[in-house]
Amino acid sequence: MYLYTTKHQPLLTQAEALHSPCVRLCTLDEEDICVGCGRSLEEIKGWTAYSEAARAELLLLCRKRLEQRSRFHGL
């Protein structure tokens, strides 16, 4: 299962994303949410301290954030 994709190819598998969902598009929006992975600045800083279960839960939230951004910006 791929969690992050472009229009043409998958970027990360679930296992890769649990290690780090970073896709090297590190730019924070006005709410301090990364436009690449969907994590907040605090979530990025704390990522390595989270349990695997917490990371999995956060990945779902990040995915929703990115989907909302795409719909809002018409991407």
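Here the structure is shown first, and the text comes after it.
In short, a report on the structure. (Residues numbered from 1 in each chain as written. Predicted model: local features only at pLDDT ≥ 70, side-chain atom pairs only at ≥ 80, totals over all residues. Heavy atoms only, no water.)

**Considerations on the packing of aromatic side chains**
The relation between two aromatic rings is expressed through the spacing of the ring centres and the mutual angle of the planes.
For step 1, the next point in the chain: Following the criterion strictly, the structure yields 1 aromatic pair and no others.
For step 2, the next point in the chain: With a centroid separation of 6.2 Å and an interplanar angle of 75°, the aromatic rings of Trp 47 and Tyr 50 are classed as edge-to-face.
For step 3, the next point in the chain: Judged by relative accessible area, which is 3%, Trp 47 ranks as buried.
For step 4, the next point in the chain: Residue Tyr 50 is classed as partly exposed on the basis of its relative accessible area, which comes to 29%. (Phe/Tyr/Trp six-rings, centres within 6.5 Å; stacked < 30°, edge-to-face > 60°. Buried < 20%, exposed > 50% of the residue type's maximum accessible area, 1.4 Å probe, protein only.)

**What to know about the state of the cysteines**
For step 1, the next point in the chain: For the structure shown, the criterion picks out 0 disulfides.
For step 2, the next point in the chain: Residue Cys 22 stays outside any disulfide, its sulfur separated by 3.8 Å from that of Cys 26, the closest cysteine.
For step 3, the next point in the chain: A relative accessible area of 18% means that Cys 22 is categorised as buried.
For step 4, the next point in the chain: Left unpaired, Cys 62 is separated from the closest cysteine sulfur, that of Cys 37, by 5.9 Å.
For step 5, the next point in the chain: The exposure class of Cys 62 is buried, given its relative accessible area of 0%. (Disulfide = S-S within 2.5 Å.)

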